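The primary structure of each chain is shown beneath.
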Amino acid sequence: MIALRRETFDFGILPASFLVPRAESVASLAPIQRRLLQCAYPSRADPAQTVVTLTDAAQALGITHTNAAHVIDTMHAVAPSEPSTHNTDTEPDGLPNEPEVRVHHLLQFLFVQTFARPHAQSSLRESGSGLEHTGFHTEAGGTRDGDGNYNTTASPPRAGMRSPGSPHGSPAKRARSSNGSVSSISLVSNGKEDQLREAFTVHHFNALAGLLVEDESRSAEVGGSSPGGGGGGNVCQLTAAEVDHLEFLFREVRRDDDAGDELDADGPDGGGPRRLSAMTGLFAGADAGALVPASAVRDWIASALGHYNPGEVRSPLGSPSRHTSGASSSSSSSSSGSSVGSLTIEIEGLHRGTRVLRDVDVPAGASVVVRGCADAVVYLLAPFPYVTVANCVDCVVVVGACARALRVEQCERLTLIAAAKRVTAKLCHEGRFHLGVEKRPVFVGENRGCKVAPYNTWYEQLEKHLETCGLDASACRGWDAPVVLGASEGTVGTGVELLSAENFAPFSVPFRGTSSSSSSTQANPFAVPPEYVRALDTKVRAVASLRLALRDAGLGEHAKRELNLTIQAFFREWLTSSGSMRQVYDLARIERGE
């Protein structure tokens, strides 16, 4: 069996209006393909792969170099594996010092972009491919307009404001509306959305196949095909190598008969998944250049997916069962046998509460989504490939380590503390981002009042989790050079600024492990600029000076008691008004295992 690689849709779809304006429909990708192939050359790492430079990709897409850099980086974040950067010192071949852009990956990535376009949705409705049956659950942070089309330009949720498509406006209201439950932690596999994506891919497979063909004599054969994909017109033929390029969209899974789940499959020799062309059985015993009709490949994919059946909704074969726990439960009870590489842990609707996920609670390879929370603190103290924080208000989210991509969408007054390879924020207001990030953080759209700052915390397993994610703290220095894309003309500033050193403060993770190993993390491993260190030292000296002044004030016992009572009263008032008292109670319950 095979499955669509969910991350290409969940983390790959970009705002179309300015980032990929020419990818409005599947048919619009053919001219882009021609422009890319005109400037393509064999890859240095694998001559069988056709690649272009970032500059050539920008020209083919008709966008600026800066926008193209974000598009290509997003593509690399969701690719099966990330390319290495070309080293001009060891390979002085005149090519730029940047990762190669694989043409077939880029064209499939653009194909995924068209999934979110109104034209693609309407063509599925007209063809009866199951859109009206499956429903359309948009990606985190996205909404639907009055016509049911995908919208990536909505504003962040505000308290008391209703969001489109939801009867409950604020995250706090949504948190209180779910059958009386305060929140949930769940392991999810959204079968209906998977079906919709599969229906789209199968419906447009003829056009997708044409994007895999580089030979102009064969690509010309599909000139009369229907631009919307589907059945009519001529159908191209594919070689085994061209079918294998579909690894960007599909992965092999095998059925675990004991658990009834889908698992990522390794090849018979244990060296990794089998090639897609070999799995089809269509090229058995054929020469390397043998051609197979794309329609035959499409039919095999439709059957191998297991989910796809136009006009009919069925439970997805072997998908992980949904497990929803109560407000104080852990997700660890349903982690065994889960689908590595496709499993998502979801924390949703947490209102005035605290949640913690540690590595023992997280299945290997699982991603995490924090969605629709309000006035909450979430600790994600584990390594994850992908992390989403969406539609959260007045929250603190601590992310241990994120290997591929972390996205933040439509949040207000969020404090994010995260170590990640890349971070993208979209439509966020008044947020603070304390980052240890390898690549420059990207802010897309109308972000207002956001501050970026150095990473400011640690916990005992942090460096272990960084190593698991392939992150080096000494190389994660991109936090202070944010990239702002798509802000409207006339906007005052960019909506994103560096946090002043005077407002920088450390954050304490209130959990300690049981390990006494000298290799455990004992301090913040990320570099903090000298001006921020000096500002912290100034605050520490001010506190020490105040304590010294009180000690030397010569107060009598009665005056000391009065002073202590006054200080304690103000501290209790602060604990209550700031919500910190609630956090103390929450943490006490968590430590007791309640």
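Residues numbered from 1 in each chain as written. Predicted model: local features only at pLDDT ≥ 70, side-chain atom pairs only at ≥ 80, totals over all residues. Heavy atoms only, no water.

Caption draft 1: Representation of the overall build of the protein in the model. On a plain count of helices and strands, the protein comes out with 18 helices and 24 strands. Residue burial in the protein is summarised as follows: out of 594 residues, 51% are buried. Contacts in the protein between residues far apart in sequence, at least 24 positions, make up 63% of those at least 6 positions apart. Here the protein has roughly 26200 Å² of accessible surface; of this, 51% comes from carbon and sulfur atoms. (Helix = DSSP H or I, 4+ residues; strand = E, 2+ residues; numbered from the N terminus. Buried < 20%, exposed > 50% of the residue type's maximum accessible area, 1.4 Å probe, protein only. Contact = heavy atoms within 4.5 Å. Areas by Shrake-Rupley, 256 points an atom, 1.4 Å probe, with all protein chains shown as cover.)

Caption draft 2: Main features of the sheet that holds strand β3 (residues 50-52). Across the sheet, which stays open at both edges, the three strands sit in the order β2-β3-β4 with antiparallel pairing between neighbours. Both outer strands of the open sheet, β2 (41-42) and β4 (101-102), are each paired with one neighbouring strand and no more. Two elements, β2 and β3, share two bridges in a ladder whose sense is antiparallel. By the bridge assignment for β3, P42 is matched with T50. (Pairing = 2+ DSSP bridges.)

Caption draft 3: The arrangement of helix α14 (residues 294-305) in detail. Spanning twelve residues, α14 covers 16 Å between terminal C-alpha atoms, matching the ideal 16 Å at 1.5 Å per step. Those residues of α14 that sit buried are A294, V297, R298, W300, I301, A302, A304 and L305. (Expected span 1.5 Å × (residues − 1).)

Caption draft 4: Summary view of the nonpolar core. Counting 71 residues, the largest nonpolar core has I2, L106, L238, F250 and I301 as its most contacted members. When sequence neighbours within four positions are dropped, the list of residues in contact with I2 reads F250, R251, E252, V253, L276, M279, W300, I301, A304 and L305. In this structure, V399, A418, A453 and A501 belong to the second largest nonpolar core, which totals 46 residues. (Core = buried A, V, L, I, M, F, W, Y, C linked by side-chain atoms within 4.5 Å.)

Caption draft 5: The arrangement of the packing of aromatic side chains in detail. Overall, the coordinates contain nine aromatic pairs when judged by the stated rule. Here F111 and F200 contribute two aromatic rings whose centre-to-centre distance is 5.1 Å and whose plane-to-plane angle is 40 degrees, an arrangement assigned as tilted. Of this pair, F111 sits in helix α5 (residues 103-114) while F200 is found in helix α9 (residues 191-203), placing the two residues 89 residues apart along the sequence. Taken individually, F111 and F200 each receive the classification buried, so the pair is uniform in this respect. (Phe/Tyr/Trp six-rings, centres within 6.5 Å; stacked < 30°, edge-to-face > 60°.)

Caption draft 6: Structural context of the packing of helix α3 (residues 54-61) against helix α4 (residues 65-78). Axis separation between α3 and α4 bottoms out at 9 Å; the angle between their running directions is 105 degrees. Taken as axis vectors, α3 and α4 run roughly perpendicular relative to one another. Contact residues: L54, T55, A57, A58 and L61 in α3; H65, A68, A69, V71 and I72 in α4. Among the residues making up the contact of α3 with α4, the classes are represented as eight nonpolar, two polar and no charged. (Axes fitted to C-alpha atoms, helices over the stretch in contact; angles between N-to-C directions. Parallel < 35°, antiparallel > 145°, perpendicular 65-115°, else oblique. Nonpolar A, V, L, I, M, F, W, Y, C, P; charged D, E, K, R; others polar.)

Caption draft 7: Examining a nonpolar patch on the surface more closely. On the surface, a nonpolar cluster with roughly 270 Å² of combined accessible area is contributed by L546, L550 and I567. In this fold, L546 is placed in helix α16 (residues 530-551). (Patch = residues over 30% accessible without salt bridge, like charges linked within 9 Å, V, L, I, M, F, W, Y side chains within 5 Å. Salt bridge = Lys/Arg side-chain N within 4 Å of Asp/Glu carboxyl O.)

Caption draft 8: The arrangement of unusual backbone geometry in detail. Backbone geometry places R413, a non-glycine residue, at a positive phi of 55 degrees. Its location among the elements puts R413 in the loop between β17 (396-409) and β18 (415-420). Although it is not a glycine, L427 adopts a positive phi angle of roughly 55 degrees. Within the fold, L427 resides in the loop between β19 (423-426) and β20 (432-437). Owing to a relative accessible area of 6%, L427 belongs among the buried residues under this scheme.

Caption draft 9: Representation of the pattern of salt bridges within the structure. The full count for this structure, using the stated rule, is 21 salt bridges. For the salt bridge of R298 with D299, the shortest nitrogen-to-oxygen distance reads 3.5 Å. With a relative accessible area of 18%, R298 lands in the buried category. Bridged by salt links that share partners, the residues D73, E82, R404, K421, R422 and K439 form one connected network.

Caption draft 10: The arrangement of the pairing of β18 in detail. Judged by how many residues are buried, β18 sits mostly within the fold: five of six residues are covered. Bridge analysis of β17 against β18 gives five bridges, and the strand direction is parallel. The residue bridging V399 from the neighbouring strand is A418, located in β18.

Caption draft 11: Quick look at the packing of α4 against α5. For the pair α4 and α5, the least separation of the axes is 10 Å and the interaxial angle reads 95 degrees. Looking at the two axes, α4 sits roughly perpendicular to α5. Facing α4, whose interface residues are V71, I72, T74, M75 and V78, α5 presents H105, L106 and F109. Looking at the contact of α4 with α5, its residues break down into six nonpolar, two polar and no charged.

Caption draft 12: Looking closely at the environment of M75. Turning to its location among the elements, M75 is positioned in helix α4. Given the relative accessible area of 1%, M75 is considered buried. Here the alpha-carbon distance between M75 and L110, two residues 35 residues apart in the chain, equals 9.1 Å. When residues no more than four places from it in sequence are discounted, the contact partners of M75 are V101, H105, L106, F109 and F248.

Caption draft 13: The side chain of S43, seen in detail. Residue position: S43 is located in the loop between β2 and β3. Within the structure, the side chain of S43 is placed 3.1 Å from the backbone nitrogen of A45, a separation counted as a polar contact. Of the polar contacts made by the side chain of S43, one reaches the backbone nitrogen of D46; its length is 3.2 Å. (Polar contact = N/O pair within 3.5 Å; in protein donor to acceptor, adjacent residues only side chain to side chain.)

Caption draft 14: Region of the structure containing helix α17 (residues 557-578). Its 22 residues place the ends of α17 31 Å apart at the C-alpha level, agreeing with the 32 Å of an ideal helix rising 1.5 Å per residue. Note on α17: the residue one or two positions beyond its end, G579, has a positive phi of about 85 degrees.

Caption draft 15: Region of the structure containing the state of the cysteines. As enumerated under the stated definition, the model contains zero disulfides in all. Not engaged in a disulfide, the cysteine C392 finds its nearest cysteine sulfur in C373; these two sulfurs lie 4.5 Å apart. Among the residues examined, C392 registers a relative accessible area of 0% and is labelled buried. In this structure C395 is a free cysteine whose sulfur lies 4.7 Å from that of C392, the closest cysteine sulfur available. (Disulfide = S-S within 2.5 Å.)

Caption draft 16: Structural context of the confidence of the model for the protein. Taken over all residues, the pLDDT of the protein has a mean of 77, while the share at 70 or more is 70%. Under a pLDDT of 50 for its full length, residues 159-172 has, in the predicted model, 27 contacts with residues more than four places off or in other chains. pLDDT under 50 marks residues 265-271. Its contacts with residues more than four places away, or in other chains, come to eleven contacts. (pLDDT = per-residue confidence, 0-100.)

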